[in-house]
Structures are given as C-alpha cells and as structure tokens.
Amino acid sequence: MLTLGIETSCDETSCSLLEGPDRILSNIVSSSLFKHQAFGGVVPEIASRHCLEQIDFVLGQALEQAGRKREDIDLIAVTEGPGLIGSLLVGVCFAKALSFDLGIPLIGVNHLEAHLEACFITNKGSFEKPRKRKPDKFIGLLVSGGHTSLTAHSKKRVKLLGETVDDAVGEAYDKVAKILGLGYPGGPILDRLAREGNPNAYRFTKPKQNRPYDFSFSGIKTAVLYLVEKEKKKKMNENEWKLFQKNVAASFQFSVVEWLVSKTISATNAQKMTDIAVGGGVSANSHLRTRLKETADAHQMALWLPPLSLTGDNAAMIARQGYRSYQRGKRSSFKLSGNPNLAFI
Ligand code: KG4
Ligand code: ZN
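Definitions and cut-offs
Residues numbered from 1 in each chain as written. Chains lettered and ligands numbered in written order. Predicted model: local features only at pLDDT ≥ 70, side-chain atom pairs only at ≥ 80, totals over all residues. Heavy atoms only, no water. Pairing = 2+ DSSP bridges. Helix = DSSP H or I, 4+ residues; strand = E, 2+ residues; numbered from the N terminus. Axes fitted to C-alpha atoms, helices over the stretch in contact; angles between N-to-C directions. Contact = heavy atoms within 4.5 Å. Core = buried A, V, L, I, M, F, W, Y, C linked by side-chain atoms within 4.5 Å. Buried < 20%, exposed > 50% of the residue type's maximum accessible area, 1.4 Å probe, protein only. Polar contact = N/O pair within 3.5 Å; in protein donor to acceptor, adjacent residues only side chain to side chain. Salt bridge = Lys/Arg side-chain N within 4 Å of Asp/Glu carboxyl O.

Trainee: What is the right way to read the sheet that holds strand E2 (residues 12–19) from this model?
Mentor: Hydrogen bonds along the backbone pair up the strands of a sheet, which may run parallel or antiparallel. The five strands lie next to each other as E3-E2-E1-E4-E5, forming an open sheet whose pairing is mixed. Both edges of this open sheet fall to strand E3 (23–31) and strand E5 (106–110), since each of them pairs with a single strand only. Going from strand to strand, the sheet's axes swing by 20° on average, the running direction of each strand aside. Taken together, the six bridges between strand E1 (residues 2–7) and E2 define a ladder with antiparallel strand orientation. Opposite Gly5, over in E2, you have Ser16 as the bridge partner. On the sheet, helix H3 (residues 85–102) packs against E1, strand E4 (75–81) and E5 and is oriented at approximately 155° with respect to E4. Where helix H10 (residues 315–327) meets the sheet, it contacts E1, E2, E3, E4 and E5, and its direction lies at approximately 125° from that of E1.

Trainee: In this structure, what is going on with the nonpolar core? I would like to understand it.
Mentor: In globular proteins that are soluble, nonpolar side chains generally tend to be buried together. Within the largest apolar cluster, 46 residues are counted, with the highest numbers of intra-cluster contacts made by Phe252 and Leu260. The set of elements that each furnish at least two residues to this core consists of strand E6 (138–143), strand E7 (148–153), helix H5 (169–179), helix H6 (186–194), helix H7 (218–232), helix H8 (238–270), strand E9 (275–279) and helix H9 (286–298). Element by element, the count of residues in this core is highest for H8, at twelve residues. Among all residues touching Phe252, those that are not within four sequence positions of it are Ala172, Tyr173, Val176, Leu190, Phe204, Ile220 and Val224. Cys15, Cys51, Val90 and Leu336 belong to the second-largest nonpolar core, a separate cluster that totals 25 residues.

Trainee: Got a minute to help me understand the side chain of His115 in this structure?
Mentor: Take His115: it is sitting in helix H4 (residues 111–117). Within the local environment of His115, its side chain forms a polar contact with the side chain of Asp313, the two groups lying 3.0 Å apart. If we ignore the near neighbours within four places in the chain, the residues touching His115 are Leu142, Val278, Gly279, Gly280, Gly281, Thr311, Gly312, Asp313 and Met317.

Trainee: When you look at the pattern of salt bridges in this model, what are you seeing that I'm missing?
Mentor: Pairing between side chains of opposite charge can happen when their charged atoms approach one another. For the coordinates displayed, the defined rule picks out 21 salt bridges. Linking Asp56 and Arg70 is a salt bridge whose minimum nitrogen-to-oxygen distance equals 3.1 Å. With Asp56 in helix H2 (residues 44–66) and Arg70 in the loop between H2 and E4, the pair connects residues that are 14 residues apart, well separated along the chain. For Asp56, a relative accessible area of 45% corresponds to the partly exposed category. By relative accessible area, which is 31% here, Arg70 ends up partly exposed. Put simply, Arg324 and Glu117 hold a salt bridge, and the shortest N to O gap is 3.5 Å. Placement of Arg324 in helix H10 and of Glu117 in helix H4 is noted, with a sequence separation of 207 residues between them. A cluster of three or more residues bridged by salt bridges with shared partners is formed by Glu117, Lys134, Arg320 and Arg324.

Trainee: What is the right way to read the pairing of strand E8 (residues 158–163) from this model?
Mentor: Remember that side chains alternate between the two faces of the sheet whenever the strand is regular. Two elements, E7 and E8, share five bridges in a ladder whose sense is antiparallel. Residue pairing across strands places Leu150 opposite Gly162, the latter belonging to E8. Linking E7 back to E8 in an antiparallel pair, the connection comprises four residues.

Trainee: Mind showing me how you'd approach the sheet that holds E9 here?
Mentor: Across the sheet, five strands lie side by side as E8-E7-E6-E9-E10; this open sheet has mixed pairing. Each having just a single partner strand, E8 and strand E10 (302–304) make up the two edges of the open sheet. Adjacent strand axes in the sheet meet at a mean angle of 20° when their direction is disregarded. In this structure, E9 lies alongside E10, joined through three bridges in parallel fashion. Note that in E10 the partner of Asp275 across the bridge is Ala302. Across the sheet, H9 is in contact with E6, E9 and E10; its angle to E10 comes to roughly 155°.

Below you can see the structure in the form of structure tokens.
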C-alpha cells in the first residue's frame, strides 16, 4: 500500500511516499526558514505563500525520487492541525483535490501525534534485544516549537499527564538565543554552542508546578534575560562575550534537559511502563538525546528516538500516522479543513 503524506503546518512544505507502515521511498522537505530569519521568527503570510508556491513541485520530486506515478498512490494523509491556518489550508486543499481526482481515500492527521509516531517508523528501540514493533504502551515526550507535553499511551487511549503552562521548550530555546543575540531558530545554535560552555557556570531554579508533570520555561528565559542585562553592564570584550554566550547556552541547556528527563522518567515509573517515545523538533537536541539514553538505560527502559532526519517537520511521519489511522478504519470526508488549534488529545 502506497501512502502519500503531505505536511504544511508551518514553514515547511513536505511530501513523502511511504510503502506499507515503514518503508520511506521519499521524504522531500522544502523549508522557508531562510525567508523568516531576518524577522527573528516565522511570518505566517510568508510561510503560507511558500507552501502554495512549492507544494506541486515538492510532490513531483517525491514521486520522482520514489520512482512512482500519481496513479500508484493508494491513500493520502495530510496534516489537519495544529499549525498556521494559511499553511494548513494549502496542504488540505491540495490533498482534497488530489484525492478527488485520483478517487482514493483521504485522512486528516494530527501533527503532534505524527511527531511521536516518527520514532516508530524505522527504529527498533534502544533495548539490547531490539523490539520488533511499536510497543502497546509507552510514555510520549513531545518537545517542539509550539508544544511540550507528557502523555501515556495504551492501545485504548491516550492520557495527558502534563504539559507546559507557558512557553514550549523549543520556544524557550528560540527566545534565549534571541536574548543572547544569536540567530533563528535558536535551538540548533544553542545546542552547538553549549558543547563549548560550562554547564555549571550558572544555576537556574527549577520551577514548581501544581501538577507534577507540567512544565514551565518562561522563568528560565526571564532569568537569562536579567543575567544578560546585568553582565552587559560589565562591558565585556569580544572574547569574554563569546565565552559568556557559551556558558549561558550550556547552563540553560543543562537545566532544561534535566527537567525534561527527570519528569519523563518519573512519569514512566508512575505509569508502570518501560517504553519512552520522543518527538518534535527539540528531539534533535544532542544533550537531550544523550541524557535520555543514559537515564533510560539506568532504569532499564527502552527509549524510542526519531532518526535526526525525522525530528523536524516532515511528511513521512504524516504518512505513517495516516496509514495507521487508515488501518484502524478512520476516513476523512471532503469537509476536512485545517484546524489551527487541533488538540493532542
Ligand atoms: O517540531 P518543530 O520542527 O516545529 C514545530 O512543530 O514546532 O520544532 C521546531 C523547534 C524550534 O523551536 C527549534 O529551535 C527547535 O525545534 N530545535 C531544537 C533543535 N533543533 C530544532 N531545539 C534544541 N536543540 C536542537 N538541536
Ligand atoms: Zn512540528
């Protein structure tokens, strides 16, 4: 069965052809990131226009790389939400037209569920004896630019254990990078810089939440802002400023990752589960990946991480989630529309 995945929730336009549940024949991503950099964040109008200009070309590339024709496609899976409405509508309208033209089924996919599903496409988990398939029960840690949540997944249902009460973790990375005068998106830049800094240079207080698995990242962002304002008064020379940036990056990353890891492990223990699945743009973070692996190993838990090629927004994860929903009997009608606020659960 050949599934076409279409992803246009934000600044990426992506098409992927997936054979069966996990053979990725192609996964083309056209990003408009370079067009937003001057603005320090995504400009919705520019993002949707890019999607509109690129979608047909990206589909052509995906078909060519897979060596398939439009007529070979059996199912179309498209991101329904959450995301930017203009970008979402481009993908959904395109998918509906194609589904009508080819006379094949259409499925709307939740972008957040798809991010977690990405780690089950080609992966076998981190256990010494690799598992052959997706576990029936697992804890999901979603870390992206717009969302941070912990969920418990079983065959019958998904339960929200906690989420961020303010900024998402990716958003915090982007804002801290901006405060430090670094580029956009801040996540990969801070990740790189942190490797050269001292993680113990600055201490940030762990935020207290009413619900044990909720997160908060706006406090640490404000703490970095005050720190930078205070240190700037010291009139550092260029080398001192560079070292300061590295130390702040390393200390910020150290704290954030420890909070994410400790809550994930205690949620997994509390739910009596042994598998952890991670998804979203921040799952590319090198320190988060290392610490999760070390800690999961120490607790004899299996860690499912997406390959780096599938951490950011991509259509392969949409195709996979759509394929699984189709197997469970889900279908969407031509009433399908983009839903910017589509909830995870
Ligand atoms: O999942 P994603 O591609 O888009 C959303 O659906 O939000 O996530 C984008 C976020 C951005 O905030 C970006 O800074 C962050 O993921 N990110 C990272 C890294 N790579 C991307 N954050 C930390 N470390 C990274 N290596
Ligand atoms: Zn995403």
